[in-house]
Amino acid sequence: MDRHRSYFETHEGAVYLHRGLTYVITRFDHEKGVVEATQKQVNYYTRARSSKSTTIIKQMDSIMVKGTRVGFGMLKITEQVTGYDRKLVSSQKSIGVMPLDLPELEFETQGLWIEIPDTVRDEIEYERMHFMGGIHALEHAAIGIMPLLVMTDRNDLGGISIPFHPQTGKAAVFIYDGAPGGLGFCRQAFDNAAVFLERTFEVIDSCTCKSGCPCCVHSPKCGSGNRPIDKASAKKILELILEGKKPETFNTIYEKPQEPVTQDAVGQAQTVYLPEAGIDRPLHYGVLDIETRRSAQEVGGWHKADKMGVSCAILYDSKTDCYQEYLQEDMDQLISDLAQCDLIIGFNIIGFDYKVLSGLSDFDFYALPTLDMIIKVHEYLGYRLSLDHLAQQTLGEKKTADGLMALEWWAQGEMDKIISYCKQDVKVTRDLYLYGKTHRFLVFKNKAGQQVRVPVDW
Ligand SMILES: [Zn+2]
Ligand SMILES: [Zn+2]
């Protein structure tokens, strides 16, 4: 067995089938290349779990397909087997994931990549679909249909879905030849890139299953146990790409991989500027937060946020380094100031602030380029964290009051207190954004009470 396969199939604890007999691996010496196994009847089978990353070593070709770009070139694939899943033979139910401590595997091969425009991502997030689940499902479906386009087997292919790839400057789905050096499969698929994407869409669209099955978006080889997977999101992503609207800028892929963020002697992270066509000035961003006049309870629930009214809104402007104050009467000014920014940053801004503001104006707030940090965190963790929690764990800052307090101040006419409280929230939101931008992670406390990092890619 080759080295690569041995990591996946004969790690310690793996159940290995050989000539109809079941063996359990008792020793895996990856340095010497020795495996020991005991014949044993067990009621479970094992599936390795792995994490992967890729670097574009050399772009050899690229083509615009409807609303996006597909690239082709040499890739370096780095893979690590992190553990394995034990599943009951009878029901395929997982009976636990066991961790493994194995070195990384690395190889170079040919592959193609489908870039996912930010506008598509924004739309998916706005529709409250799972973006990572969507690109992951797209990857599986694309690999699944490749044997229909080129003479190959899905076992000869690999895939990686990345919500942010530093070289493409956006999310991308990579599909590569499984053998070092490449076998020409991805080259052939790339040469038919438009058909390739259309067929992938068709297979997802025509499958009658509800939320994904082995015929469309599930893969028996998935390194993360087919999670997260969002079939509807994959369908929507492909639909938006194939509609071909909304052109946007595409990074030049440098043949040399980007240097990662490096730490200098005093521990300060150096800023890495990613090439973004047409932008050679610092990003002009705004950080927004609002306070409302009425509580969710008073208006009949959070879904009626558009009835809550605004007591004050604060916008931090990165260009002037100032906090602007707005009252409900100043909506037009706020809208024109928001429109000046390249990016609006907030915490739960899409789910809440924009909804409240939409109740006061016909302006389409959702059309603003927006970074909602809660969505990024939720996407990675699968659950939400409060601004207060993240600020406390990441920045060591505690909240001075809460939203209910602000409602009380509104009732008492204490406008100054509301404004200074809202300003404080904007400052914390901005600092959290800047911390994530520099360090590429935020800190939170997990359910076991440990401080852990959540990677962020803004
Ligand atoms: Zn299906
Ligand atoms: Zn997968």
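Nothing here was measured: the structure is a model prediction, and the numbers come from that model.

Digging into the overall build of the chain
Looking only at helices and strands, the chain features 13 helices and 16 strands. For a compact globule of 458 residues, the expected C-alpha radius of gyration is about 23 Å, and the chain comes in at 25 Å, within 12% of that figure. In terms of overall dimensions, the chain has a C-alpha envelope of 80 × 55 × 45 Å along the principal axes. When each of the 458 residues of the chain is scored for burial, the buried share is 34%. For the chain, the share of sequence-separated contacts (at least 6 apart) that also reach a separation of at least 24 residues comes to 65%.

Quick notes on the environment of arginine 440
Position of arginine 440 among the secondary structure elements: in the loop between α13 (415–439) and β15 (441–445). On a C-alpha basis, the gap between arginine 440 and lysine 66 in space is 32 Å, while along the polypeptide they are 374 residues apart.

A closer look at the pairing of strand β8 (residues 157–165)
Across the nine residues that make up β8, a large majority, seven, are buried. Counting the residues that bridge the hairpin from β8 to strand β9 (residues 170–177) gives four residues, and of these glycine 169 lies at a positive phi of roughly 75 degrees.

Side note on unusual backbone geometry
For the bond running from arginine 227 to proline 228, omega is -10 degrees, close enough to zero to count as cis. Mapped onto the elements of the fold, proline 228 is located in the loop between α5 (193–206) and α6 (231–243). The backbone phi angle of lysine 66 is positive, close to 50 degrees, even though this residue is not glycine. Counting through the fold element by element, lysine 66 comes out in the loop between β4 (44–65) and β5 (68–88). In this model, asparagine 348 sits at a positive phi of 65 degrees, which is unusual for a non-glycine residue. By the secondary structure assignment, asparagine 348 is in the loop between β13 (343–346) and α9 (349–358). A residue is classified by how many C-beta atoms lie within 10 Å of it, and asparagine 348, with 19 of them, is partly exposed.

Details of helix α3 (residues 131–149)
When the terminal C-alpha atoms of α3 are compared, their 27 Å separation across 19 residues agrees well with the 27 Å that a helix rising 1.5 Å per residue should span. Of all 19 residues in α3, 16 are buried; the element is thus mostly enclosed.

Considerations on the confidence of the model for the chain
On average, residues of the chain carry a pLDDT of 87, and 93% of them reach 70 or more. The low-confidence segment residues 256–279, where pLDDT is below 50, has 28 contacts with residues more than four positions distant or belonging to other chains.

Things to note about the sheet that holds β13
Spatial ordering of the open sheet is given by β12-β11-β10-β13-β14, a layout of five strands whose pairing is mixed. Of all the strands in the sheet, the pair left with one neighbour each is β12 (322–326) and β14 (370–372). Strand-to-strand, the axes of this sheet are offset by a mean angle of 25 degrees, without reference to chain direction. Judged from the three bridges that link them, strand β10 (residues 285–292) and β13 form a sheet pairing that is parallel. What sits directly across from valine 287, in β13, is isoleucine 345. Lying on the sheet, helix α8 (residues 331–340) is in contact with β10, β11 (310–317), β12 and β13; it crosses β11 at an angle near 25 degrees. Across the sheet, α9 touches β10, β11, β13 and β14, and the angle it forms with β10 is around 65 degrees.

The rules behind each value
- Residues numbered from 1 in each chain as written.
- Chains lettered and ligands numbered in written order.
- Predicted model: local features only at pLDDT ≥ 70, side-chain atom pairs only at ≥ 80, totals over all residues.
- Helix = DSSP H or I, 4+ residues; strand = E, 2+ residues; numbered from the N terminus.
- Rg over C-alpha atoms; globule rule 2.2 N^0.38 Å.
- Buried ≥ 20, exposed ≤ 12 C-beta atoms within 10 Å, placed from the backbone.
- Contact = placed C-beta atoms within 7 Å.
- Pairing = 2+ DSSP bridges.
- Expected span 1.5 Å × (residues − 1).
- pLDDT = per-residue confidence, 0-100.
- Axes fitted to C-alpha atoms, helices over the stretch in contact; angles between N-to-C directions.

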